[in-house]
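# Structural overview for review
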Amino acid sequence: MTDAATIRDGVEDFDTRLRREAMRFLAVRTHDGLYPISKAELLDFEIDGSMFRLMDPQRGIRKPRQLASALSISTVFRRKGEKRPYEDAVGPDGLLRYKWTGENPDHMDNRGLRAAMDQQAPLIWFFGVGPGLFQPVFPVYLVAEEPALHQFVVATEFARDLHHVDSQAEAQLRRYVLAETKRRLHQPVFRATVMRAYETHCAVCALGHGELLDAAHIMPDSHEEGIASVSNGLALCKIHHAAYDARILGITPDFVVEIRQDLLEEVDGPMLEHGLKERHGERLMVLPTSREERPDRRLLELSYGRFRSVG
């Protein structure tokens, strides 16, 4: 007769090992989150010599029959103006919400998520950043359920213990949670979306080495116009990103690069001469193929006005 505890422990051991190996696989394949991963590449994951799906091919929630709770959740890619089947949003506490499947609390997907919440099992969140292309963010945890709104509350590892805050520091901690959510979840998704749109090349100089590129905000995310959208983004190498943020380099609404006048008059080494001054008056070298993903001209105008104010 098989001991039920042994079976339970065996399932738990496989569960822990699967999640660990899956996250290790994703870290290697994405260079620690630097690059997204395709649906086809996800099929390369194996455990115990067999392929194991990390994401459900048809549904937003992956609850393998071998596990007691869900393994991953996903948010589909949408082009500008398109709606997703479910809209995941940030709540007033700075944490993200993930919608149920349908409105039945006993749907198998929702039960799988509820079990993950009860067990505090680490999940993988696959964010669509292009057709068939996903940015995995992990580990994330479900820290609460909001049945009236048909959704779960999602936190990163560093924010999961701060969901229910009952002190005078509540507002400050909420700001911290929101900042952590942006840094650990929004920023990787924003970067992957921008890099995909610019085909991993700097808009200013066309440098094509991803490890030397950043996803820059046209208007900073601290500004009310600083939305995390590809139309508020530019793929920039680290030099041009730093120059852009320091208002040494500006970009007109017509996609023309300008260098601040005092830098144009300065005599320095080859980086200043060739990396910055030679770009003055030149159009951006790389723009997204899709017009709807190109920089928003209104946001460029706002940013250019800030650049000119210190010129």
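Provided above is the structure to which this section pertains.
Small disclaimer: the values here were computed from a predicted structure and weren't measured. (Residues numbered from 1 in each chain as written. Predicted model: local features only at pLDDT ≥ 70, side-chain atom pairs only at ≥ 80, totals over all residues. Heavy atoms only, no water.)

### Let's talk about the overall build of the chain
Put simply, the rule reads: Secondary structure counts use DSSP, requiring at least four H or I residues in a row for a helix and at least two E residues in a row for a strand, with both numbered from the N terminus. Here the term buried applies to any residue with accessible area under 20% of the maximum for its type, exposed to any over 50%, and partly exposed to those in between, with areas from a 1.4 Å probe on protein chains only. Working rule for contacts: check all heavy atoms of both residues, and any pair within 4.5 Å makes them a contact. A 1.4 Å probe and the Shrake-Rupley method give the accessible areas. Residues count as covered only by the protein chains that appear here.
Summing up its helical and strand segments, the chain has eight helices and 13 strands in all. Relative to its 311 residues, the chain shows a buried fraction of 45%. Residue pairs in contact within the chain that sit at least 24 positions apart in sequence constitute 61% of those at least 6 positions apart. Counting only carbon and sulfur atoms, one obtains 51% of the accessible surface of the chain, whose full area is about 16000 Å².

### Concerning the pattern of salt bridges
Quick note on the threshold: The rule for a salt bridge is simple: a side-chain nitrogen of Lys or Arg has to be within 4 Å of a carboxyl oxygen of Asp or Glu.
Per the counting criterion, the structure on display carries 14 salt bridges. Note that Asp109 is salt-bridged to Arg59, the shortest N-O span being 3.0 Å. Of this pair, Asp109 sits in helix 3 (residues 108-119) while Arg59 is found in the loop between strand 3 (50-51) and strand 4 (61-62), placing the two residues 50 residues apart along the sequence. Judged by its relative accessible area of 2%, Asp109 falls in the buried class.

### Focus on helix 8 (residues 297-308)
Put simply, the rule is: Multiplying 1.5 Å by the residue count of a helix minus one yields the expected span of that helix. Distance and chemistry together define a polar contact, namely a pair of N or O atoms within 3.5 Å, with one atom able to donate a hydrogen and the other to accept it when in protein, and with adjacent residues in sequence counting only for side-chain atoms on both sides.
When the terminal C-alpha atoms of helix 8 are compared, their 16 Å separation across 12 residues agrees well with the 16 Å that a helix rising 1.5 Å per residue should span. Tucked inside the fold, the buried residues of helix 8 contact helix 5 (238-245), strand 12 (249-251) and strand 13 (257-259). Where helix 8 begins, the side chain of Asp296 points an oxygen toward the backbone nitrogen of Arg298, at a separation of 2.8 Å.

### Looking at the nonpolar core
Worth spelling out the cut-off: As used in this record, nonpolar core signifies buried Ala, Val, Leu, Ile, Met, Phe, Trp, Tyr and Cys residues forming a set joined through side-chain atoms within 4.5 Å.
Formed by 32 residues in total, the largest nonpolar core has its most connected members in Tyr198, Leu234, Leu236, Tyr244, Leu249 and Leu284. Those elements that provide at least two residues to this core are helix 4 (170-197), strand 10 (213-217), strand 11 (233-237), helix 5, strand 12, strand 13, helix 7 (270-276) and helix 8. Contact partners of Tyr198, with chain neighbours within four places excluded, come to Ala203, Gly233, Leu234, Ala235, Val286, Leu287, Pro288 and Pro295. Tyr98, Met117, Val189 and Ala192 belong to the second-largest nonpolar core, a separate cluster that totals 22 residues.

### A short note on the pairing of strand 9 (residues 151-156)
This is how the line gets drawn: Paired strands, as defined in this entry, are two strands with at least two bridges between them according to DSSP.
Within strand 9, six of the six residues are buried, which leaves the element mostly enclosed by the surrounding structure. Residue alternation in strand 9 divides its side chains into two sets, Gln151, Val153 and Ala155 and Phe152, Val154 and Thr156, and both sets are buried. In this sheet, strand 9 lies alongside strand 8 (residues 133-146) in antiparallel orientation, the contact comprising six bridges. Following the sheet pairing, Ala144 is matched in strand 9 by Val153.

### Let's talk about unusual backbone geometry
In this model, Phe138 is joined to Pro139 through a cis peptide bond whose omega is -10°. On the secondary structure map, Pro139 appears in strand 8. One non-glycine residue, Phe255, adopts positive backbone phi at about 70°. Summarising the element assignment, Phe255 is placed in the loop between strand 12 and strand 13.

### Here's the deal with the state of the cysteines
Heads up, the condition is: In plain terms, two cysteine sulfur atoms within 2.5 Å form what is called a disulfide here.
A complete count under the given rule lists zero disulfides for this structure. Cys205 takes part in no disulfide bond, and the closest cysteine sulfur, belonging to Cys202, lies 3.6 Å away. With relative accessibility at 27%, the residue Cys205 sits in the partly exposed group. As a non-bridged cysteine, Cys237 has Cys205 as the owner of its nearest cysteine sulfur, 3.9 Å distant. Judged by relative accessible area, which is 7%, Cys237 ranks as buried.

### Thoughts on the environment of Phe134
Mapping Phe134 onto the fold places it in strand 8. Under the relative-accessibility criterion, Phe134 is labelled buried at 7%. Between the alpha carbons of Phe134 and Val189 there is a distance of 8.5 Å; along the sequence they are 55 residues apart. Excluding residues within four positions of it along the chain, Phe134 makes contact with Pro36, Ile37, Lys39, Met55, Thr75, Phe126, Phe127, Gly128 and Val129.

### Concerning helix 3
The terminal C-alpha atoms of helix 3, which comprises 12 residues, lie 16 Å apart, in line with the 16 Å expected from a rise of 1.5 Å per residue. Along its buried surface, helix 3 packs onto strand 4, strand 5 (72-75), strand 6 (96-99), strand 7 (123-130), strand 8 and strand 9. Positive backbone phi, approximately 55°, marks Gln120, located one or two places after helix 3.

By themselves, these figures tell us nothing about what the structure is for.
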